[in-house]
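Chain by chain, the residues:
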Amino acid sequence: MVSLPRIVVAAPASGHGKTTIATGLMAALARTGLRVSGHKVGPDYIDPGYHALATGLPGRNLDPHLVGEERLVPLLLHGSAGADLAVVEGVMGLHDGMLGTDGYASTAHVARVTDSPVVLVVDVSSASRSIAALVQGMVAFDTSVRVAGVVLNKVGSTRHADEVVRALESTGVPVLGIVHRDDGVVAPSRHLGLVPAAEREDAAAALDRLATRVAKAVDLEEVVRIARSAPTLQGAAWDAASEVGPPPAGPRRVVAVAGGRSFTFRYAETVELLDALGCDVRVFDPLHDESLPEGTSGLYLGGGFPEVHAATISANEPLRHAIADAVAAGVPTVAECAGLLYLCRSLDGAPMVGALPADAAMTPRLTLGYRTAVAPVEHLLAPVGGRVTGHEFHRTHVTPSAGADDALGVAWTSAHGEAGFASATLHASYLHTHWAGHPRVAARFAAAVHAAPERSRSAPESSFVASAATRPAAGDNRRPRVEAVSPPDPLRHHGDAEATDGLVDLAVNVHDGPRPTWLDHALSSALDDVGRYPDAREAEAAVARRHLRADDEVLATAGAAEAFTLLARARDWQHPVVVHPQFTEPDVALRQAGHDPQHVRLGHDFALEPDRVPDDADLVVVGNPTNPTGVLHPAWAIRALARPGRVVVVDEAFMDAVPGEQHSFAGSPLPGVLVVRSLTKLWSIPGVRAGYVLGDPDLLADLRAQQPPWSVSTHAAAAIVACTSDDARAEATRRAADVGRHRAVLTDGLDELGVHHLPSSAPFVLARVGPGVHGALRDAGWAVRRADTFPGLDDAWIRVAVRAPDVTRRFLAALAQVRS
């Protein structure tokens, strides 16, 4: 009989704040001097990382599917050895378990088996008295599970809290805490759940804030009292040595385990089992270490998010080659999920180890669920017919090559089909297994490790060998490269001058997806009308409807560039100002019209500071979001520029890439403000010069007077009509969302490489990579926009267009190489 104070933190459903409150309780209780152990119901690796940070002890999992119901109490006792109190965080809703069962592997199941009182966390943000009915239902649904208290989370106000507390009095369930809304203590998501603690630079600070908040909001003394009310447990603690028996004869052998920020997932018991089996676990970091640990006799590549760090992993060629050599030499290797991706030839186009004849790529679909798998052939981890339980959790897909290596068999079969690669010395699949539930798997791997020849450290390569990471992918039909030629006037330099043949184009900010079929149809149909002179009036009416403007508040133009030419010639500007750095054609157009525009620089972090603009400026041109910075200026800052006698021109060429077109003035008329729009970028039609200007009819009349007849072609007019339709608005919303997701791949990769960049709301990112990198990237086959032609920037900056993730990750790998 073992006395262990303990609670289970549960919730009615996912999203109520279990992880936030459970982790906060662990940290707050540890601050009181108690030794706290953290546990997680289910297979999740991420939450235990936060638990470990909060308690200083390894986070542990309690999952009946992975380890068997009979091991739950022994594993709980093992993980809490020496602790004063155990906190177990639940999974999903209290009674939610495996589908098709009566709550098997649910939080309630684990609470019942471990005889633990439950503290219920309830998000009350959208209800008041109804919370009592919800809690009463949780109490009554299964009386074998004791709900001992409730923490009210995301409370809106004191009055709101009072109403909920009064309603709960009838249930008899005490309120242990009232936690108000605080976005500052919410961890960011990654696919599902949280970002691993090891990947959050601010994890410790966030945890400190959370502990302080929970300590103030929750009655910790009552929580401890409830934990101490838990009955004693029967049974002995789990012990690795007892599970696997004596280690193989001979010296201890080294098992190299992938770790660091890119490989954060492995169960603590896995390491303990390997230790008991005579293996010394040495952690290496695929991001930074250039060789495997001395004497490596086995490899364990667990879970993580290598797709986030693909560029840095790929750039570490010496380690990739060392692992490929080790696998080829027969070093016993286990690769689960992230490890599987690492062993593939590529991940979203970025070269990986290449030990498997397959390529991996991100997909929109999340694969998540429990598995029961059988080995169809004998391999490293199982005999023929060997059965394991596990789980899958990934947003990637692995595609084997045609005519894959016959020496590799299928690792597992299950109700979901065949999966993974296997041989006598290799196991690679998406399946995560908990070796505490399958100690024979650990013993089989360790036996292979002890039988393998010991290897010496591989020396890092002394010279860089060009790889697909730094070259355009094969099959791109590239012609010999032509060097970019800048015109004499740097203000006339644009991205198309960079994107010469033979280079991968990240210089031109044109959407890289296919044009919509309705747009192609509109352009094709316009051929029927090219036999007569074009008329832009229908296009202007379509734009007016799109932005809820009068027809005379719209002027169709042959792209934004024509609009700036018309603007420069429309009036005798006395003091024109162009806010830089920004698109340079307004500057050029003003000079060609005989004006001498003044340059006003953006302020700190390239923010618009209206006070910097001289009071007597009668024309002010500013981009929003600005090209090349990507900074989206708030509407109030633009509005502050407007005043009687001044025309403010807002270049919104990239506003359609901003979700919801926040801070746009296209649909919000303001006296003296002209809005310039371009259809070139989002709709991938730079060859169809189509754009428009919105503003006061009198101002537009001045521009129209400068416009040559028929300057807006038939095809341009057709494009304007099509791209302002309801179909276009829906598609633009989708494309803007895609741009945001794809941009995150770029910015995450730049962060990983330690490259400073500006927060961007546009389909490009301005990055400070250092002098000479622009040219080095060209030599490696990549075109990016030089930034030193923008007033206010120098040759340390480049502008990088947002592209599909596979292209971006290859670019990041190339960038890592040229900066190394």
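Please read all numbers here as calculations on a predicted model, not as lab measurements.

A. Region of the structure containing the overall build of the protein chain. The secondary structure content of the protein chain amounts to 26 helices and 30 strands. Taking 2.2 N^0.38 as the reference for a compact globule, 820 residues should give roughly 28 Å; the C-alpha atoms of the protein chain span a radius of gyration of 31 Å, in line with that estimate. Each of the three principal axes of the protein chain carries a C-alpha extent, and together these read 95 × 70 × 50 Å. Per-residue burial over the protein chain gives 58% buried out of 820 residues.

B. Expanded view of the environment of W797. Relative to the helices and strands, W797 resides in strand β30 (residues 797-801). Taking the C-alpha atoms as reference, W797 lies 9.0 Å from R785; in sequence the two are 12 residues apart. The residues contacting W797, other than those within four sequence positions of it, are F606, H756, L758, L766, A767, R768, R786 and A787.

C. How the structure looks around the sheet that holds strand β29 (residues 782-786). Ordered by their spatial adjacency, five strands build an open sheet running β19-β29-β30-β28-β27, and the pairing between neighbours is mixed. For this open sheet the edge positions go to β19 (504-506) and β27 (756-757), each flanked by a neighbour on one side alone. Where β19 and β29 come together, three bridges link them in parallel fashion. When the bridges of β29 are listed, L506 appears paired with V784. Relative to the sheet, helix α24 (residues 726-753) contacts β27, β28 (764-768) and β30, its axis offset from that of β28 by approximately 10 degrees.

D. Inspection of the sheet that holds strand β25 (residues 673-678) at higher detail. Ordered by their spatial adjacency, seven strands build an open sheet running β20-β26-β25-β24-β23-β21-β22, and the pairing between neighbours is mixed. Of all the strands in the sheet, just β20 (554-557) and β22 (598-601) have a single pairing partner and so form its edges. Going from strand to strand, the sheet's axes swing by 20 degrees on average, the running direction of each strand aside. Sheet topology places strand β21 (residues 576-580) next to β22; four bridges connect them, and they run parallel. Its bridge partner lying in β22, V579 is registered against V600. Sitting on the sheet, helix α20 (residues 585-592) is in contact with β21, β22 and β23 (619-623), with an inclination near 155 degrees to β21. Of the strands in this sheet, β20, β24 (647-651), β25 and β26 (691-694) are in contact with helix α22 (residues 697-706), which crosses β20 at around 25 degrees.

E. Region of interest: the packing of aromatic side chains. In the structure shown here, the tally under the stated rule is 12 aromatic pairs. Relative to F265, the ring of Y45 lies with its centre 4.9 Å away and its plane at 5 degrees, an arrangement referred to as stacked. With Y45 in the loop between β2 (36-41) and α2 (46-55) and F265 in the loop between β8 (253-258) and α11 (268-276), this residue pair connects regions lying 220 residues apart in the sequence. Assigned by exposure class, Y45 and F265 land together as buried. Taking 5.9 Å as the distance between ring centres and 65 degrees as the angle between the ring planes, the aromatic pair formed by W782 and F811 counts as edge-to-face. Pair noted here: W782 is in strand β29 and F811 is in helix α26 (residues 805-819), with a separation of 29 residues, a long-range link. Connected via pairs of aromatic rings, a cluster forms that spans Y45, F265, Y267 and F305.

F. Just the nonpolar core, in detail. Core analysis: the biggest nonpolar cluster contains 75 residues, and L120, V135, V150, V255, W412, W435 and F445 have the highest contact counts within it. Not counting chain neighbours up to four residues away, the residues in contact with V150 comprise L120, V122, V135, L168, V173, P174, V175, L176 and G177. Core analysis: the second largest hydrophobic core is formed by 53 residues, A539, A637, F665 and Y692 among them.

G. A look at the confidence of the model for the protein chain. Across the protein chain, the average pLDDT comes to 88, with 92% of residues at or above 70. Here residues 187-195 is modelled with pLDDT under 50, and outside its nearest four sequence neighbours on either side it reaches 31 contacts, counting other chains as well. Across residues 457-487, where pLDDT falls below 50, the model places 65 contacts with residues more than four positions away in sequence or in other chains.

H. The packing of helix α1 (residues 18-31) against α2, seen in detail. As a packed pair, α1 and α2 sit with axes 8 Å apart at the nearest point and diverge in direction by 20 degrees. Between α1 and α2, the angle is such that the two are roughly parallel. Along this stretch, α1 crosses α2, giving a crossing that reads as right-handed. For the pair α1 and α2, the contacting residues are T19, T23, M26, A27 and A30 in the first and D47, Y50, H51, A54 and T55 in the second. Taken together, the residues that form the contact of α1 with α2 break down as five nonpolar, four polar and one charged.

I. Region of interest: the environment of Q582. Here Q582 is to be found in the loop between β21 and α20. Judged by its relative accessible area of 1%, Q582 falls in the buried class. Each C-alpha atom of the pair Q582 and N627 lies 5.0 Å from the other, and the pair is 45 residues apart in sequence. A polar atom in the side chain of Q582 sits 2.8 Å from the backbone nitrogen of G623.

J. Representation of the pairing of strand β10 (residues 296-301) in the model. For β10, a buried count of six out of six residues is recorded, marking the element as mostly surrounded by other parts of the structure. As defined by bridge partners, β10 adjoins strand β11 (residues 333-336) across three bridges and the pair is classed as parallel. Bridge pairing links L301 to A335 in β11.

K. Spatial organisation of the packing of helix α18 (residues 537-547) against helix α23 (residues 714-722). α23 packs onto α18 with a crossing angle of 20 degrees between their chain directions and a minimal axis gap of 8 Å. When the axes of α18 and α23 are compared, the pair comes out roughly parallel. By crossing handedness, the relation of α18 to α23 is classed as left-handed. Note on element contacts: α23 touches α18 through A717, I720 and V721, opposite E538, A539, A542 and V543. Of the residues assigned to the contact of α18 with α23, the class counts are six nonpolar, no polar and one charged.

L. Region of interest: helix α7 (residues 158-168). All of the buried residues in α7 are H160, A161, V164, A167 and L168. Mapping the buried residues of α7 onto a view down its axis gives an arc of 130 degrees, with all of them on the same face. Across from the buried face of α7, at angles greater than 90 degrees, the exposed residues are T158 and R159. Contact partners of the buried residues in α7: α6 (130-141), β6 (147-155) and β7 (175-180).

M. Structural context of the side chain of H595. On the secondary structure map, H595 appears in the loop between α20 and β22. For H595, a relative accessible area of 11% puts it in the buried group. Of note is the side chain of H595, whose polar atom sits 3.0 Å from the backbone oxygen of A568.

N. Unusual backbone geometry, seen in detail. Residue P581 follows H580 across a cis peptide bond; omega there is 0 degrees. You can see P581 is positioned in the loop between β21 and α20. In the Ramachandran plot, C337 falls in the positive-phi region, its phi being about 60 degrees despite a non-glycine side chain. With respect to the helices and strands, the residue C337 is situated in the loop between β11 and α14 (338-343). Residue H663 is not a glycine yet carries a positive backbone phi of 70 degrees. On the basis of relative accessibility, which here comes to 32%, the residue H663 falls in the partly exposed class.

O. Spotlight on the side chain of D63. As for its position among the elements, D63 is in the loop between β3 (60-62) and α3 (64-67). Here D63 is buried and forms no salt bridge, its nearest opposite-charge partner K40 lying at an N-O distance of 9.7 Å. There is a polar contact of 2.9 Å between the side chain of D63 and the backbone nitrogen of H65.

P. Quick look at the pairing of strand β4 (residues 85-89). A large share of β4 lies buried, amounting to five of its five residues. Here β4 shows no split at all, with L85, V87 and E89 on one side and A86 and V88 on the other all buried. By the bridge criterion, four bridges tie strand β1 (residues 6-10) to β4 in an arrangement that is parallel. The partner of I7 across the bridge, within β4, is V87. Pairing analysis gives five bridges linking β2 to β4, with the strands arranged parallel.

Reading the values: rules and limits
Residues numbered from 1 in each chain as written. Predicted model: local features only at pLDDT ≥ 70, side-chain atom pairs only at ≥ 80, totals over all residues. Heavy atoms only, no water. Helix = DSSP H or I, 4+ residues; strand = E, 2+ residues; numbered from the N terminus. Rg over C-alpha atoms; globule rule 2.2 N^0.38 Å. Buried < 20%, exposed > 50% of the residue type's maximum accessible area, 1.4 Å probe, protein only. Contact = heavy atoms within 4.5 Å. Pairing = 2+ DSSP bridges. Axes fitted to C-alpha atoms, helices over the stretch in contact; angles between N-to-C directions. Phe/Tyr/Trp six-rings, centres within 6.5 Å; stacked < 30°, edge-to-face > 60°. Core = buried A, V, L, I, M, F, W, Y, C linked by side-chain atoms within 4.5 Å. pLDDT = per-residue confidence, 0-100. Parallel < 35°, antiparallel > 145°, perpendicular 65-115°, else oblique. Left-handed = near helix turned anticlockwise from the far one by under 90°. Nonpolar A, V, L, I, M, F, W, Y, C, P; charged D, E, K, R; others polar. Polar contact = N/O pair within 3.5 Å; in protein donor to acceptor, adjacent residues only side chain to side chain. Arc of directions from axis to C-beta. Lys, Arg positive; Asp, Glu negative; His and termini not counted. Salt bridge = Lys/Arg side-chain N within 4 Å of Asp/Glu carboxyl O.

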